[in-house]
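Residue-level listing of the chains:
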Amino acid sequence: MLGQKMYIITKPDLIQVTQKQHKVLAYPPVEADFASKVCGVSQAAKAIVNHNVSGAEGETGFSMESHVAMRSALSPGKGFDDMNRKMIQNILLSLGTLQQLPPQSVRTGLMDFVRSRVTSSTTDAVYGPQNPFRDHAVVDAFWHFQQNFTSILIGVLPSITARKGIAGRTLVAKAIEQYYRNKGHESGSILARNRYDVSLKNGLSIEDAARLEVGGVIAIIVNTVPAAFWTLFFIYATPDLLDDIRREVQTVVTLRHSERGPIHSVDIKGLKQHCPLLSSTFQETLRHRATAVSVRKVMEDTILDDQWLLKKDSILQMPSRIIHKDQSLWGSNADDFDARRFVKDQKPLKSGSGSKTRAPAAAFRAFGGGTTLCPGRHFATDEVLVMAAVFVLRYDMAPTTGVWSMPSTNQSGIVNGLLEPDNDIEVEVSVRKGYEEAIFACG
Ligand code: HEM
């Protein structure tokens, strides 16, 4: 990007105009460039990935077809429902494992805990019974790679400065390659199958298809982990909020007794429709912690909104963090975490006043917007809401220092969608009275 002209847009109305001009202010060339650099593919694969990124030749080529394939896999339908249901079952099951540990209370790093649960639940749902992430070495390698994103993408001599990350990436790509060779994708989700089919159809080798799939893993887990971490952090750090959310979640859980023990069935639809405070807390967590920057390439000289000349080949950025902290959009408490901000009966923002305000929908940028609005947002929302709901019902949690203090986030990488804590929080987690034998299921 050195020497490249850059424009930054921070006003939602201008962002909407930008998003409507998605052919000339385009995302696919940015994504192709990102994938080529971050995934470490061969020269031949770079040419395939960068072919027809402008869409001038119609909806053909790897870039255009993988966009469609991912969107269709993540849209409502049987394939998506199967994958989503498996992820939810995995989350419910994985939150039960603490119960099997000998003392009823365990010490763990909160980020570590969330990372391992999200990684195993999501990758198992996506990749199926031959999921390469069932191997802990692959999981560890992936997170080493993730910690080195920024250096790999824009660092000086990444082969030296990001050696551990690159080694991690190679190990994960090899494991996915083996998965493909064993035909693991055939019993995986629609998302895993669609991505493989598009890669092979467009002439990528299995090795390069596997390298690019490492980029797919970034999309499916990297943002959900901090989203779940911060959601739990804010809920437990605010005792009144924890009590209110517990009461709310209880209304969508039914209890029945079985030979195996008491079964608590969580109504997943009810969680989204009848738990406004939990949903609002999740959205506010994303608003408060998002750092995603939507990037577009200017494909030809363009006059934006009849007044701004954008030069061909320049880069346009729409940074969520600036927009989410704009007091003219979110009110005078824009910097604060307000768990009730997205509860529907909040009054809309009146110009420049009020602390409890609702901004226009376009001002919420955690999932991007327009044609590239995150297609995994429903999957991610279900994952975090279910995790938070079961966690609050089943567990008490307190930091071992005795005080919940907000961790610093200075080392958070610039390509992350959300801030990440510099250090993990050590917590003591214990099963709540009455939930010792509980089994959770989705209703
Ligand atoms: C809280 C979790 C998540 C956040 C905050 C998030 C955020 C985003 C953002 C900001 C973008 C780029 C949009 C743009 O530049 O306009 C994006 C793209 C994408 N996300 Fe997510 N995401 C999350 C979870 C997921 C999950 C769980 C999946 C898949 C299961 C997923 C799949 C994708 C895909 C495939 C794209 C690329 C879309 C395209 O090429 O058009 N995301 N996400």
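Look above for the structure.
Not measured: the values here are computed from a predicted model. (Residues numbered from 1 in each chain as written. Predicted model: local features only at pLDDT ≥ 70, side-chain atom pairs only at ≥ 80, totals over all residues. Heavy atoms only, no water.)

Below, the discussion takes up the pairing of strand β5 (residues 261–266). β5 sits mainly inside the fold: six of its six residues count as buried. Of the pairings in the sheet, the one linking strand β4 (residues 253–258) to β5 comprises six bridges and is antiparallel in character. If you follow H257 over to β5, its bridge partner there is P262. Linkage of β4 to β5, two consecutive antiparallel strands, is achieved through a turn of two residues. Relative to strand β12 (residues 439–442), β5 runs parallel, the two sharing four bridges. What sits directly across from V266, in β12, is C442. (Buried < 20%, exposed > 50% of the residue type's maximum accessible area, 1.4 Å probe, protein only. Helix = DSSP H or I, 4+ residues; strand = E, 2+ residues; numbered from the N terminus. Pairing = 2+ DSSP bridges.)

Okay, the coordination of the iron atom of the ligand next. Under ideal tetrahedral coordination, the four donors around a metal are separated by 109.5 degrees; under ideal octahedral coordination, the six donors are separated by 90 or 180 degrees. A lone protein donor contacts the iron atom of the ligand, and this donor is C374 (SG), found at 2.3 Å. By secondary structure assignment, the location of C374 is in the loop between α18 (327–330) and α19 (377–394). (Donors = N, O, S within 2.8 Å, 3.2 Å for Na, K, Ca; no water.)

Side chains of nonpolar character tend, in soluble globular proteins, to be buried together. In this structure, F142, Y236, L271 and L278 are the most contacted members of the largest nonpolar core, which totals 118 residues. In this structure, A32, V41, A45 and A69 belong to the second largest nonpolar core, which totals 13 residues. (Core = buried A, V, L, I, M, F, W, Y, C linked by side-chain atoms within 4.5 Å.)

This paragraph deals with the site of the ligand. Surrounding the ligand, one finds 25 residues, the nearest of these being E31, H67, R71, T372 and C374. With respect to the ligand, the side chain of R71 contributes an N or O atom lying 3.0 Å from an oxygen atom. Between the ligand and R296, the relevant distance is 3.1 Å, taken from an oxygen atom to a side-chain nitrogen or oxygen of the residue. Elements with a minimum of two residues in the shell around the ligand: α4 (62–73), α12 (206–222), α13 (224–237), β6 (293–298) and α19. (Near = heavy atom within 4 Å. Polar contact = N/O pair within 3.5 Å; in protein donor to acceptor, adjacent residues only side chain to side chain.)

Below, the discussion takes up α19. The terminal C-alpha atoms of α19 lie 26 Å apart, and with 18 residues this matches the ideal 26 Å at 1.5 Å per residue to within 8%. With 16 of 18 residues buried, α19 lies mostly within the body of the structure. (Expected span 1.5 Å × (residues − 1).)

Read across the open sheet, the three strands follow the order β4-β5-β12; overall the sheet is mixed. Unpaired on one side and paired on the other, β4 and β12 mark the two borders of the sheet. Here the average twist between neighbouring strands, direction ignored, is 30°. (Axes fitted to C-alpha atoms, helices over the stretch in contact; angles between N-to-C directions.)

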